[in-house]
Amino acid sequence: TAAMLEHPLVRKDAGSSQVIRNVVQRGTSKFRFGMDAQEMVLLVRYSGDEMFCMNPKQGQYIRCPVKGNVHGHVHAITVTTNNDIYILAGDPCAQLTLLVYNHLENVWEQQSSLPEVDGDLDENFIVEVGGHLYHLGFYSPEDLNEFLLMRKYDNRRDQWLECSQLQFPTIGHGGLGSVEARHAVSCGGQIYFIRETEWHRYNPTDNQWYKITLPNTYECYNSYAIVAIETEIFCDDVMYDTSSDTWCDLPEFTPSAISTNGAFVCRCFVREGQLHTLVHHRLDMRVGDHFARRVQAFQICVLDRSEGTWTDLKVTLPVDWKENLSGDFDEFPCVARMYLPSLTASVAD
């Protein structure tokens, strides 16, 4: 850098020297951000005003408030390849807003407002492909065919461009009353919309949807357990390789014995290239002869594909986490590199 600043052409133009200094300073600041960042699992409250960040291997747990004006509640969340965290928020019957997380200021900033649609969307998803964000909205009106609308976000013009819609021959059953598992993921430069009984693939190049042939034994009843790693999509106890169009079974996950008397929900995420599952146990514990109280417990397990086994990481969540992770969080955990000084400063405030 010093040699660049002392170059004869630079010394003749003080302005160019200052430009170089500014670039170097920005680069140094970005490098320090990287040094102070850590890959963490995120759970965002539906209201968007609080975030739970954890590094289970290092036993690090940070619960911090998040600034910003989030109207309604969070409908969808995604982390891009550039480590940008986006959420879709709004009231169910109103316009949705796209917000992006400012890592340095720990605040949600409004990015764009989505065009309104006729009727209420039952579910919303947001994914990234090729550096572009896509919004997918599932609509299941009564007495009408279900359909999936999709829009691509043009960041430079702040415009949402209509993409090919996906229509289903099924007649809707009231939308929000349906408990069918549905999810959308990006994988290998394509978008996959996954339902209990069918998969569809969207190719951004030709703006077309294609139906995927499923194995006869395929079942998917947990949309929380659908994630992608490189060219592979994991769904419950099966894995689909998008590059070879092949399927294989995964080792069956068996929760801890603490679930024998209660219910549990598995939410999958990818950290350090490995498939993890966050298991939320809800237990009814009897006290005396008549009174039963609800107790919550959590597990985090990782899949060892070489051994074909799930390993319990034996995590111990803080007490206040157990008391607050009660169902009012975004259902899909995500993973991002978080700026620790900003998080710890927010906790201190």
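Throughout this document, residue positions are counted from 1 along each chain, in the order its sequence is written. This being a predicted model, a pLDDT of at least 70 is required before a residue's local features are given, and a value of 80 or more before pairs of side-chain atoms are given or counted; all residues contribute to the totals for chains, interfaces and linings. Hydrogens and waters are ignored; side-chain quantities use all the structure's heavy atoms.

### With respect to the sheet that holds strand S17 (residues 226–229)
Working step 1: Two strands qualify as a pair provided DSSP detects at least 2 bridges between them. A run of H or I in DSSP counts as a helix once it spans at least four residues, and a run of E counts as a strand once it spans at least two, with each numbered from the N terminus. An order of S17-S18-S19-S20 is seen for the 4 strands of this open sheet, with the pairing classed as antiparallel. Taken across any chain shown, the strands that pair with only one partner, and hence form the sheet edges, are S17 and strand S20 (246–249). Between one strand axis and the next, the sheet turns by 20 degrees as a mean value, whatever way the strands run.
Working step 2: Pairing of strand S19 (residues 238–241) with S20 involves 4 bridges; the strand directions are antiparallel. Of the residues in S20, the one forming a bridge with Met 239 is Cys 248. All axes here are fitted lines through C-alpha atoms, helices being fitted over the stretch that makes contact, and every angle between N-to-C directions spans 0 to 180 degrees.

### Side note on the nonpolar core
Working step 1: Among the nonpolar cores identified, the biggest contains 22 residues, and Leu 42, Met 51, Ile 85, Tyr 101, Trp 108, Met 338 and Leu 343 are the most heavily contacted of them.
Working step 2: Contributing elements (two or more residues each) for this core: strand S1 (37–44), strand S2 (50–55), strand S3 (60–65), strand S4 (73–79), strand S5 (85–90), strand S6 (97–102), strand S25 (334–339) and helix H5 (340–348).
Working step 3: Setting aside anything within four residues of it in sequence, one finds Met 338 in contact with Asp 36, Ala 37, Gln 38, Met 40, Leu 42, Met 51, Cys 53, Ile 85, Tyr 101, His 103 and Leu 343. Take the buried residues of types Ala, Val, Leu, Ile, Met, Phe, Trp, Tyr and Cys, join any two whose side-chain atoms come within 4.5 Å, and each joined set is a nonpolar core. Think of it in three bands: residues with accessible area under 20% of the maximum for their type are buried, residues over 50% are exposed, and the middle band is partly exposed, with areas taken using a 1.4 Å probe on protein chains only. For this analysis, residues touch if any pair of their heavy atoms sits within 4.5 Å.

### Things to note about the confidence of the model for the protein
Working step 1: Here the protein averages 81 in pLDDT, and 78% of its residues register 70 or above.
Working step 2: Of the regions scoring below 50 in pLDDT, residues 1–31 engages in 13 contacts with residues more than four places distant in sequence or in other chains. The predictor attaches a confidence to each residue, and that confidence, scored 0 to 100, is pLDDT.

### Notes on the packing of aromatic side chains
In this description, a pair of aromatic rings is defined by centroid distance and the angle of the planes.
Working step 1: For Phe, Tyr and Trp, where Trp contributes only its six-membered ring, two rings pair if their centres lie within 6.5 Å, and the inter-plane angle classes them as stacked under 30 degrees, edge-to-face over 60, or tilted in between. Taken as a whole and judged by the stated rule, the model has 15 aromatic pairs.
Working step 2: Arranged with centres 6.0 Å apart and planes meeting at 55 degrees, the rings of Phe 138 and Phe 168 form a pair that is tilted. Of the two residues, Phe 138 sits in strand S9 (residues 132–139) while Phe 168 sits in strand S12 (residues 166–171), which places them 30 residues apart along the sequence.
Working step 3: For Phe 168, a relative accessible area of 2% gives the class buried.
Working step 4: Ring pairing ties together the aromatic residues Tyr 192, Trp 199, Tyr 218, Tyr 240 and Trp 247, which thus form one cluster.
Working step 5: Lying over the aromatic face of Phe 168, Arg 195 brings its terminal NZ or CZ to 4.5 Å of the ring centre.
Working step 6: Charges are assigned to positions over rings by a cutoff of 6 Å between ring centre and Lys NZ or Arg CZ, combined with an angular limit of 35 degrees from the ring normal. A cation over a ring is seen here: Arg 267 above Tyr 224, with NZ or CZ 5.0 Å from the ring centre.

### Quick look at the sheet that holds S5
Working step 1: Strand order across the open sheet formed by 4 strands is S4-S5-S6-S7, with antiparallel pairing between neighbours. Strand pairing shows two members of the sheet lacking a second neighbour, S4 and strand S7 (107–113), which therefore form its edges. Averaged over all neighbouring strand pairs, the angle between strand axes comes to 30 degrees, with direction disregarded.
Working step 2: In terms of strand pairing, S6 meets S7 through 6 bridges, oriented antiparallel. Paired with Val 100 across the two strands is Glu 109, which belongs to S7.

### Digging into the layout of surface pockets
Working step 1: Buriedness of a pocket was judged along seven lines, with at least five required to meet protein on both sides within 12 Å; pockets are open sets of points on a 1 Å grid over the protein atoms alone, cavities are sets where a 1.4 Å probe fits but cannot get out, and lining residues have an atom within 4 Å of a point. Grid points are joined across faces, edges and corners, and a volume is the space filled by probe spheres set on the points. Empty space within the second largest pocket amounts to approximately 350 Å³.
Working step 2: Lining the second largest pocket are 17 residues, with Asn 222, Asp 236, Asp 237, Phe 253 and Cys 266 sitting closest to its centre.
Working step 3: Among the secondary structure elements, those contributing two or more residues to the lining of the second largest pocket are strand S21 (262–271) and strand S22 (274–287).
Working step 4: The dominant element in the lining of the second largest pocket, judged by the number of residues it contributes, is S21, at 4 residues.
Working step 5: Split into classes, the residues belonging to the lining of the second largest pocket amount to 12 nonpolar, 2 polar and 3 charged. When residues are grouped by polarity, Ala, Val, Leu, Ile, Met, Phe, Trp, Tyr, Cys and Pro land in nonpolar, Asp, Glu, Lys and Arg in charged, and all others, Gly among them, in polar.

### Brief notes about the pattern of salt bridges
Working step 1: The term salt bridge refers to a pairing of a side-chain nitrogen on Lys or Arg with a carboxyl oxygen on Asp or Glu at a separation within 4 Å. Applying the stated criterion across every chain yields a total of 8 salt bridges.
Working step 2: Notably, a salt bridge pairs Glu 50 with Arg 63, separated by 2.5 Å at the nearest N-O pair. With Glu 50 in strand S2 and Arg 63 in strand S3, this pair connects stretches of sequence that are 13 residues apart.
Working step 3: In this structure, the salt-bridge partner of Lys 57 is Glu 272, at a minimum N-O distance of 3.0 Å.

### Some words on the environment of His 280
Working step 1: Within the secondary structure, His 280 sits in strand S22.
Working step 2: Remark: the alpha-carbon pair of His 280 and Arg 267, spanning 13 residues in sequence, is separated by 8.2 Å.

### Quick word on the environment of Thr 97
Working step 1: Inspection of the secondary structure puts Thr 97 in strand S6.
Working step 2: The spatial distance from the C-alpha of Thr 97 to the C-alpha of Val 74 is 9.6 Å, given a sequence separation of 23 residues.

### What about the pairing of S17?
Working step 1: Direction of pairing for S17 relative to strand S18 (residues 232–235): antiparallel, over a ladder of 4 bridges. Note that in S18 the partner of Ile 229 across the bridge is Glu 232.
Working step 2: Connecting the antiparallel pair S17 and S18 is a turn made up of 2 residues, with Glu 230 showing a positive phi of about 55 degrees.

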